[in-house]
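Here is what each chain is made of, one letter per residue.
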Amino acid sequence: MTAPPAGHESWAHEVDVSRIEADLVKLLRRPENLSPNGQPGMRTAVLTLVAFAADRPTLDRVEQTLAALVDHHPSRTIVVLANPTAPAQIDAWVQVSCRPMGSSGINACVDEIVIEAQPSALRRVPNVVTPLLLADLPVVVWWPGEPPLREPLLADLIEPATRLVVDTLGFVHVERSLINLSNLRHRPTVRIDLGDLNWDRLLPWRELIAQFWDVPAWRSRLRALDRVEIDLGKPAGGRSNRAQALLLAGWLAAQLGWRPAGMTRLHDGYRLRAMRGRREITVRVTIHMGQPSGIRAVRFVVESRSPLRFGVHAGGDAETAFMRVEAGDEPMYERTARLETFDEPALLARELDTTTADQVFEDALSAAAAFLTA
Amino acid sequence: MTEAVTVANPLRVGLRLERTPDPCIFVLFGATGDLTRRKLIPALYQLSHQRLLPANFAVVGFARRDWDDEAFRRHMKEAVDEFVPNVHPGVWESFAQCLYFNRSEFQDPEGYANLAKLLAKIDRERGTGGNRLYYLATSPEAYPDIIRNLGEANLSHREGYGTHRGPWTRIVVEKPFGHDLATAQRLNRIISAVFRERQVFRIDHYLGKETVQNILALRFANLIFEPIWNSQYVDHVQITVAESVGVEGRAGYYEEAGAIRDMVQNHMLQLLTLTAMEPPTTFEADPVRDEKVKVLRSVHLPTDKVGEWTVRGQYGPGWINGQPVPAYRQEPGVDPSSDTGTYVALKLLIENWRWAGTPFYLRTGKRLPKRITEIAITFKKVPHLLFARDAAAALEPNVLALRIQPDEGISLRFGSKVPGQHMRIRSVNMDFLYGIAFGTTPGDAYERLLLDAMLGDPTLFTRRDEVEQAWALITCITEAWQKQKPPPFPNYSAGEWGPEAADELIGRDGRAWRRL
């Protein structure tokens, strides 16, 4: 047995599934994990979450996120840590987290199993993970960072899973990886739903944009749309989140029946072309330096006959948006709305709440990939 | 736009609401009252905060107080600051701009003429499309005047409604809906002279609770429960709505209503119908409500059994959470010789094939030891116990308990062997807590109900025949009580689980109330 990492009250041992389960029971019986009535903490599991951490900092981040999720999605979590300096080829340790719930103070507990593997042993990890999955419950694979979408390790890990959750904000090779992610979905051997935390960050924008189409008088004008302008922020020393802009464009195309017709890379963004019948619509993505990362504004421009502009603009703080409809320079409608920013636990919780395919996301992803390959 | 003509918005697919409410004006009668402050404006603000209100939306407060638009906005800001955590200043400012005030007495026709002009002006300026949601948050005495004046001012659109030619108009009526069967029927007649039934939404905020809706999910999304959900397997059902609070400054209302009208006629009978109903054909308003009405029609309490099958109580002084509290008769605004019951226990039978012979025991009261609402389905004992008597001495019948509040969830009690050399069986509880499995804080019931009213979905509102059937039962009980001498009050101390007579009520049948 190797010593457990500092801060973990657990045992590290060779990967022996029955010992892992036995040790989890022992941990649940520890005095600090008992409920006030003396009973072991209650294990209420709704899924198994398999998370991949490519390094220690990612492991720390994953564990912080999981700790915040105890109240929301009690589950078994299996964290796979790739560690070139691990003392053994594959090793594992376990821990439980318990929190009192409700007025009765019953302890609700979740368990976490960390599987540490040297890079050369990573291919064996799926075989170790499989018997640790909770029977009959969904399996969600969460891969922070850029997953190896074309490699066997990912394919093996997602084989028993119902959902793969990524964060396209973390994609380094944005365009290539978006295309590969879209292609993953269409592989005949892959039967998995896709989720993206970066897509979930778009939810407030999508709701505010959808409200323009709710109003019948506006909807009839929006059918004559000529141009969409997406402003993207890029902070000093930071990244611009191009994936988010491409997904937003993909969403509009997929839902409004546009056919992606091409993309031009510009020094400050993209120009995407789409066709609706014989009508061309331009989506101009402009990156603005020195602004917070992510979408900063979306404008819909109708130029024919009496021009109209429908816009949603992020405010100075992170939580405000302004909606405006303008005819020429005259505002016809103005409203302040809330624009949440979600932290990683909230985004992941949303994905864990989703039990079916997010077809809207998958269609948006396909359309974004189509812009990139048209 | 009428509710029947809904053009799909392709961008709404996959969002929280696949159909948002149409642009509309929310006309709030009783805009200066307590319900508006505590619940309605906070709920509307929260809907705005969550981006669930339509883009073009306005609220018109209608009350007699000498306020204008600015005063209304100022007072509502105070309400939101008090009852909503983390108010967003920008969102509030935007929401406040859509608040207007129409000062008038409820019986003044000129006030309604002014209202009509204001509504037309808001339609022009804010694009609210002529859709109206009237909300009666006043004392019930004002309902007839308001409804009649809405009709006389041509503000109900009764004739155009449902013909797809005009905007929609709806009216939400708060409880209490009448005081007894006759007054409920009278109110229904007054309403139906001005509004079609499809336009009427009678609110019972219990139906907006996630955990109440979960009763239907539990029963009809799982196959395993339905085969045993009947008199063949169920020994009895207990429904408890316990409050630890007193009248909380509502003596004027409570003295007239008492526990039976405040809780049993509406909330408890809703819980009973959801527990006892047959599966509807679809989860839509009328099929669900049809089944609920069928239960109410089958509920049986013989008039000559009212004395034996009902218990009334009134709390005396006592202790709650270690603090002394006064008797009901010592509460501010309460008649020192009041005979109003603050506690009711009932035994009811449901005379249909599913439930014949299985009693339903209901109890509710104020100043009970704790706040809890629960439905407990107690199953029959096994027909033949294999194990030695002393081995199973601690074994109790299976109980499936649906906890509505607090610690919302479900608990199943079953027998399990105690580890060891000998066969000993004891009962254990298996718990599912909403807060653990899902973690999200359920929205306020009013948010759900207001949104449904704006969407025109009446599933979670009560129908005319449902209300009248419930009142028929309650009126039968109260009329029988009037012919009897009331019990000597007070007959339980604050902090106790009710009068001893309630224990006798259930004890006579060889059963006991659950210790909660």
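Per chain, residue numbering runs from 1 following the sequence as it is written. As they are written, the chains are lettered A onward and the ligands numbered 1 onward, keeping that order. Since the coordinates come from a predicted model, pLDDT governs what is reported: local features require at least 70, and pairs of side-chain atoms require 80 or more to be given and counted, while whole-chain, interface and lining totals use all residues. The side-chain quantities take in all heavy atoms of the structure and omit both hydrogens and water.

1. A closer look at the overall build of chain B
Applied cut-off: Only DSSP runs of H or I with at least four residues qualify as helices, and only runs of E with at least two residues qualify as strands; both kinds are numbered from the N terminus onward. Only C-alpha atoms enter the radius of gyration, while the globule expectation follows 2.2 Å times N to the 0.38, with N the number of residues. Accessible area is worked out with a 1.4 Å probe on protein chains only. A residue is then buried under 20% of its type maximum, exposed over 50%, and partly exposed in between.
Assigned secondary structure in chain B consists of 14 helices and 19 strands. Taken over C-alpha atoms, the radius of gyration comes to 25 Å for chain B, in line with the 24 Å a tight globule of 516 residues would show. Principal axes of the C-alpha set define a box for chain B whose edges measure 80 × 60 × 45 Å. Relative to its full complement of 516 residues, chain B shows a buried share of 57%.

2. What about the pattern of salt bridges?
Worth spelling out the cut-off: When a carboxyl oxygen of Asp or Glu lies within 4 Å of a side-chain nitrogen of Lys or Arg, that pair is called a salt bridge.
Applying the stated rule across the entire model yields 56 salt bridges over all chains. Across the salt bridge formed by E32 of chain A and R30 of chain A, the nearest N and O atoms sit 4.0 Å from each other. Given a relative accessible area of 27%, R30 of chain A falls into the partly exposed group. Two residues, R219 of chain B and E226 of chain B, come together in a salt bridge whose shortest N-O distance is 3.4 Å. Note on accessibility: R219 of chain B and E226 of chain B belong to one class, buried. Each of R227, E229, D231, R299, E303, R309 and E326 of chain A takes part in salt bridges that share partners, so that together they form one network.

3. Considerations on the sheet that holds strand β3 (residues 99–103) of chain B
Residue and element names in this part refer to chain B. Threshold: Only strands that DSSP links by at least two bridges are regarded as paired with each other. Every axis in this analysis is a line fitted to C-alpha atoms, fitted for helices over the stretch in contact. Angles between the N-to-C directions lie between 0 and 180 degrees.
Read across the sheet, six strands follow the order β3-β2-β1-β4-β5-β6 without closing on themselves; strand pairing throughout is parallel. Bordering the open sheet on either side are β3 and β6 (200–202), each of which pairs with just one other strand. Each adjacent strand pair in this sheet contributes to an overall mean axis angle of 20°, direction not counted. Summarising the sheet, strand β4 (residues 132–136) and strand β5 (residues 169–173) pair through five bridges and their orientation is parallel. Bridge pairing in β5 places L133 opposite R170.

4. Quick look at the side chain of S338 of chain B
Our working definition: Any two residues having at least one pair of non-hydrogen atoms within 4.5 Å are treated as being in contact.
As for its placement among the helices and strands, S338 of chain B is situated in the loop between β12 (323–325) and β13 (343–350). Leaving out residues up to four positions away in the same chain, S338 of chain B has contacts with E255, Q314, Y328, R329 and F489 of chain B.

5. What to know about the side chain of D111 of chain A
Residues and elements named next belong to chain A. What counts, and what does not: Contacts described as polar in this section are N or O atom pairs within 3.5 Å, which, within protein, must combine one atom able to donate a hydrogen with one able to accept it, while residues neighboring in sequence count only if both atoms come from side chains.
Position of D111 among the secondary structure elements: in strand β6 (residues 106–117). According to the relative accessible area criterion, D111 is buried, its value standing at 7%. Of the polar contacts made by the side chain of D111, one reaches the side chain of R76; its length is 2.8 Å. In contact with D111, other than residues within four places in its own chain, are L24, R43, S75, R76, T77, Q95 and V96.

6. Overview of the nonpolar core
Keep this limit in mind: Nonpolar cores were defined as sets of buried Ala, Val, Leu, Ile, Met, Phe, Trp, Tyr and Cys residues, with membership established by side-chain atoms within 4.5 Å.
Grouped together as the largest cluster of nonpolar side chains are 150 residues, with contacts concentrated most on F29, L44, F57, F95, Y135 and L150 of chain B. When residues in this core are grouped by element, the largest group, 12 residues, is from helix α8 (residues 251–276) of chain B. In this structure F95 of chain B touches I41, L44, Y45, S48, L53 and F57 of chain B, once residues within four positions along its chain are discounted. With 104 residues, the next largest nonpolar core counts I115, W213, L246 and A321 of chain A among its residues.

7. Notes on the sheet that holds strand β17 (residues 330–338) of chain A
Residue and element names in this part refer to chain A. Across the sheet, which stays open at both edges, the eight strands sit in the order β11-β12-β13-β10-β14-β15-β16-β17 with mixed pairing between neighbours. Edge positions in the sheet fall to β11 (259–266) and β17, since each of these pairs with one other strand and no more. Each strand axis lies, on average, 15° off the axis of its neighbour in the sheet, ignoring direction.

8. Regarding the state of the cysteines
Rule in force here: Disulfides are defined as cysteine sulfur pairs within 2.5 Å.
Taken as a whole and assessed by the stated rule, the structure comprises one disulfide over all chains. The disulfide partner of C98 of chain A is C109 of chain A, and the S-S distance across this bridge is 2.0 Å. Here the S-S torsion is close to 110°, and the disulfide linking C98 of chain A with C109 of chain A is therefore right-handed. With a gap of 11 residues between them, C98 of chain A in strand β5 (residues 90–101) and C109 of chain A in strand β6 connect regions that are remote in the sequence. Taken as a pair, C98 of chain A and C109 of chain A share a single burial class, namely buried. Here C98 of chain B is not disulfide-linked; the sulfur of C24 of chain B is the nearest cysteine sulfur, at 9.9 Å. The buried category is assigned to C98 of chain B, whose relative accessible area is 4%.

9. A closer look at helix α4 (residues 109–126) of chain B
Residue and element names in this part refer to chain B. The condition that has to hold: A helix is expected to reach a length of 1.5 Å times the quantity of its residues less one. Working definition: the arc comes from the directions between the helix axis and the C-beta atoms, pointing outward to the latter.
Spanning 18 residues, α4 covers 25 Å between terminal C-alpha atoms, matching the ideal 26 Å at 1.5 Å per step. Along α4, the residues that are buried comprise G111, Y112, L115, L118, L119, I122 and D123. When α4 is viewed along its axis, its buried side chains cluster within an angular range of 140° and face the same direction. Structural note: α4 exposes P109, E110, K117, R124 and E125 on the side pointing more than 90 degrees away from its buried face. Residues of α4 that are buried in the fold lie against β1 (24–29), β2 (57–63), β3, β4 and α5 (143–152). N-cap assignment for α4: the residue whose side-chain oxygen lies 3.0 Å from the backbone N of E110 is D108. Backbone geometry just after α4 places G127 at a positive phi near 65°.

10. Comments concerning the packing of helix α7 (residues 210–220) of chain B against α8 of chain B
Residue and element names in this part refer to chain B. Put simply, the test is: Each angle receives one of four descriptions, namely roughly parallel if under 35 degrees, roughly antiparallel if over 145, roughly perpendicular if within 65 to 115, and oblique otherwise. Each residue is assigned to one of three groups, with Ala, Val, Leu, Ile, Met, Phe, Trp, Tyr, Cys and Pro labelled nonpolar, Asp, Glu, Lys and Arg labelled charged, and all others, Gly among them, labelled polar.
Packing of α7 against α8 leaves a shortest axis separation of 9 Å and a crossing angle of 10°. By the angle between their axes, α7 is roughly parallel relative to α8. Residue-level contacts link V212, I215, L216 and R219 of α7 to L271, L274, T275 and A276 of α8. Considered class by class, the residues forming the contact of α7 with α8 number six nonpolar, one polar and one charged.

11. Quick look at empty space enclosed by the protein
Residues and elements named next belong to chain B. Rules: Using a 1 Å grid laid over the protein atoms alone, points where a 1.4 Å probe fits but cannot get out form a cavity; open sets with protein on both sides within 12 Å along at least 5 of 7 lines form a pocket; any residue with an atom within 4 Å of a point counts as lining. Grid points are joined across faces, edges and corners, and a volume is the space filled by probe spheres set on the points.
A complete count under the given rule lists eight cavities of 30 Å³ or more for this structure. Here the largest cavity defines a volume of roughly 170 Å³. Looking at the lining of the largest cavity, the elements that each hand over two or more residues are α8 and α13 (464–482). Grouping the constituent residues of the lining of the largest cavity by class yields seven nonpolar, five polar and five charged. Empty space within the second largest cavity amounts to approximately 120 Å³.

12. Quick word on the confidence of the model for chain B
All names here are of chain B. The cut-off we apply is this: One number per residue, pLDDT, summarises how confident the predictor is, and it ranges from 0 to 100.
Chain-level statistics for chain B give a pLDDT mean of 89 and a share of 94% at 70 or above. Mean pLDDT across the elements of chain B ranges from a minimum in helix α11 (residues 434–437), with 58, to a maximum in strand β14 (residues 359–365), with 98. This model gives residues 1–6 a pLDDT under 50, and the stretch forms 24 contacts once residues within four places in sequence are excluded. Interface confidence for the predicted complex, expressed as ipTM, amounts to 0.85; the pTM equals 0.83.

13. Looking at the domain arrangement of chain A
You'll often see interface size given as the accessible area lost when the parts meet. All names here are of chain A. Put simply, the test is: The split into domains, and so the bounds of each, comes from an automatic or database assignment of domains. Here the quantity called buried area is the accessible surface, traced with a 1.4 Å probe, that two parts lose on coming together, added over both.
Annotation of chain A at the domain level lists domain 1 (17–196) and domain 2 (200–373). For the pair domain 1 and domain 2, the summed buried surface comes to about 2,700 Å²; carbon and sulfur atoms form 60% of the total. The tally of links between domain 1 and domain 2 comes to six salt bridges. Between R61 and E344 there is a salt bridge; the shortest N-O distance is 2.7 Å. The interface formed by domain 1 and domain 2 includes 14 residue pairs in polar contact (both at pLDDT 80 or more). Of all the secondary-structure elements, those providing two or more residues to the side of domain 1 that touches domain 2 are α2 (56–69), β7 (139–142), β8 (163–166), α5 (174–186) and β9 (193–196). Sorting elements by how many residues they give to the side of domain 1 that touches domain 2 places α5 first, with eight residues.

14. Looking at the environment of I171 of chain B
Residue and element names in this part refer to chain B. Within the fold, I171 resides in strand β5. Separated by 35 residues in the primary sequence, I171 and L136 have C-alpha atoms spaced 7.5 Å apart. Other than its neighbours up to four places away in sequence, I171 contacts Y134, L136, I147, L150, F195, Q199, V200 and F201.

15. Observations regarding the packing of aromatic side chains
Two aromatic rings are characterised by how far apart their centres lie and by the angle between their planes. Residue and element names in this part refer to chain B. What counts is decided by this rule: Pairing of aromatic rings covers Phe, Tyr and Trp, the last through its six-membered ring, and needs centres within 6.5 Å; plane angles under 30 degrees mean stacked, over 60 mean edge-to-face, and all others mean tilted. Definition used: whenever NZ (Lys) or CZ (Arg) falls within 6 Å of the ring centre and also within 35 degrees of the ring normal, the charge is taken to sit over that ring.
The tally for this structure, following the rule as stated, stands at 28 aromatic pairs over all chains. Where F62 meets F106, the ring centres are 6.0 Å apart and the plane angle is 15°; that geometry is what we call stacked. One end of the pair, F62, is in strand β2; the other, F106, is in the loop between β3 and α4, and 44 residues separate them in sequence. When its relative accessible area of 0% is taken as the criterion, F62 is described as buried. Relative accessible area serves as the criterion here: at 8%, F106 is assigned to the buried category. Among the aromatic residues, ring-to-ring pairing joins F29, F62, F106, Y112, Y134 and F195 into one connected group. Against the face of Y100 rests R73, its NZ or CZ located 5.7 Å from the ring centre.

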